[in-house]
Amino acid sequence: IGSSHLLQQIVEELEAFFIGLGYEVKEGPEVESDHFNFEMLNLQKDHPARAMQDSFYIDPNRLLRTHTSPVQARTMLESAGKPIKIVCPGKVYRRDDDDQTHSHQFMQIEGLVIGEDISMADLKGTLLPVIRKFFGQDREIRLRPSYFPFTEPSVEVDVHHEDGRWIEVLGAGMVHPNVLKMGGYDPEKVQGFAFGIRDKR
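Residues numbered from 1 in each chain as written. Predicted model: local features only at pLDDT ≥ 70, side-chain atom pairs only at ≥ 80, totals over all residues. Heavy atoms only, no water.

Draft legend 1. View of the environment of Asp138. With respect to the secondary-structure elements, Asp138 resides in the loop between helix 4 (120–135) and strand 7 (141–148). Here Asp138 falls in the exposed class, since its relative accessible area comes to 61%. Considering only alpha carbons, one finds Asp138 and His160, 22 residues apart in sequence, at a separation of 9.4 Å. (Helix = DSSP H or I, 4+ residues; strand = E, 2+ residues; numbered from the N terminus. Buried < 20%, exposed > 50% of the residue type's maximum accessible area, 1.4 Å probe, protein only.)

Draft legend 2. Representation of the sheet that holds strand 5 (residues 84–93). Taken in spatial order, the seven strands make up an open sheet running 1-5-6-10-9-8-7, and their pairing is mixed. Every interior strand has two partners, whereas the edge strands, strand 1 (24–25) and strand 7, have only one. Here strand 6 (residues 105–115) pairs with strand 10 (residues 191–198) via eight bridges, running antiparallel. Residue pairing in the sheet places Val113 in a bridge with Phe193 of strand 10. Seen against the sheet, helix 4 touches strand 7, strand 8 (151–160), strand 9 (166–175) and strand 10 and runs at an angle of roughly 150° to strand 9. (Pairing = 2+ DSSP bridges. Contact = heavy atoms within 4.5 Å. Axes fitted to C-alpha atoms, helices over the stretch in contact; angles between N-to-C directions.)

Draft legend 3. Helix 3 (residues 69–79), seen in detail. Most of helix 3 is tucked away, with eight of its eleven residues classed as buried. Those residues of helix 3 not exposed but buried are Ser69, Pro70, Val71, Gln72, Ala73, Thr75, Met76 and Ser79. Elements in contact with the buried residues of helix 3: strand 2 (31–33), helix 2 (34–37), strand 5, strand 6, helix 5 (177–182) and strand 10. Once helix 3 finishes, Ala80 follows within two positions and takes phi at roughly 50°, a positive value.

Draft legend 4. Examining the pairing of strand 10 more closely. Burial of strand 10 is extensive: six of the eight residues sit out of reach of the surface. Pairing geometry for strand 9 and strand 10, over five bridges, is antiparallel. Directly across from Gly173, in strand 10, lies its bridge partner Ala194.

Draft legend 5. Layout of the side chain of Arg94. Looking at where Arg94 falls in the secondary structure, it is placed in the loop between strand 5 and strand 6. Nearest to the buried, unbridged Arg94 among oppositely charged side chains is Glu110, at 6.2 Å. Within the structure, Arg94 has its side chain in polar contact with the backbone oxygen of Thr66 (distance 2.7 Å). (Lys, Arg positive; Asp, Glu negative; His and termini not counted. Salt bridge = Lys/Arg side-chain N within 4 Å of Asp/Glu carboxyl O. Polar contact = N/O pair within 3.5 Å; in protein donor to acceptor, adjacent residues only side chain to side chain.)

Draft legend 6. Expanded view of the packing of aromatic side chains. Within this structure, the stated rule accounts for six aromatic pairs. Here Phe18 and Tyr23 contribute two aromatic rings whose centre-to-centre distance is 5.0 Å and whose plane-to-plane angle is 65°, an arrangement assigned as edge-to-face. The class for Phe18 is buried, based on a relative accessible area of 0%. These aromatic residues form a ring-pair network of at least three members: Phe17, Phe18, Tyr23, Phe134, Phe193 and Phe195. (Phe/Tyr/Trp six-rings, centres within 6.5 Å; stacked < 30°, edge-to-face > 60°.)

Draft legend 7. Up close: the pattern of salt bridges. Counting across every chain of the model gives nine salt bridges. Here Asp158 ties to Arg142 by a salt bridge, and the two come within 2.8 Å at their closest N and O atoms. Of this pair, Asp158 sits in strand 8 while Arg142 sits in strand 7, and the two are 16 residues apart along the sequence.

Draft legend 8. Looking closely at the pairing of strand 7. Two elements, strand 7 and strand 8, share seven bridges in a ladder whose sense is antiparallel. If you follow Ser146 over to strand 8, its bridge partner there is Ser154. Here strand 7 folds back onto strand 8 in antiparallel fashion, the turn holding two residues.

Draft legend 9. Just unusual backbone geometry, in detail. Omega for the bond connecting Glu152 with Pro153 falls within 30 degrees of zero, at 0°, which places this linkage in the cis form. Mapped onto the fold, Pro153 is located in strand 8. Residues other than glycine seldom take positive phi values, yet Ala80 does so here, at roughly 50°. By the secondary structure assignment, Ala80 is in the loop between helix 3 and strand 5. The phi torsion at Asp117 lies on the positive side, around 60°, for a residue other than glycine. Among the structural elements, Asp117 can be located in the loop between strand 6 and helix 4. Overall, Asp117 belongs to the exposed group, its relative accessible area being 68%.

Written as structure tokens, this is what we have:
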């Protein structure tokens, strides 16, 4: 009879969860321009962080997207300064040697919220119910300082496992003022947070 792939089932569960929180689901092209994949996300041509996402280029200006963040950039431009509350699921591609924890193609679901008076507390308050929904109601999370060019401050989010370990599950942070400006927003008036959940890295 056939059935949905396990990853597709998880994506659909996540979409349904976020729709219940008032988010819209947005999608975008898997073949993306360098402009949307990197430059709109505060990664200029000579930015060292580009090495973090070794890419499959088709030509000097087009590549297979390395994350679903270009969907966020496109949505910001389309929204013309209005509030945003979206999740962006999809396949992404990076030059990785395939092993038990890495793949050259993997699934990612990212979220973006932009509006007035958005804070890190809003980010944590969004992520905690997601983690408890998918990992169990008794789960704790912790936010560790990290670095991403498109968010500042940036954090890695860990889930406390029952065996006492902390397991990293996603990256997140407050949208960088430069990204807000490039997307047509005034960082003096609005703030935002973003997060990215990935299946393998």
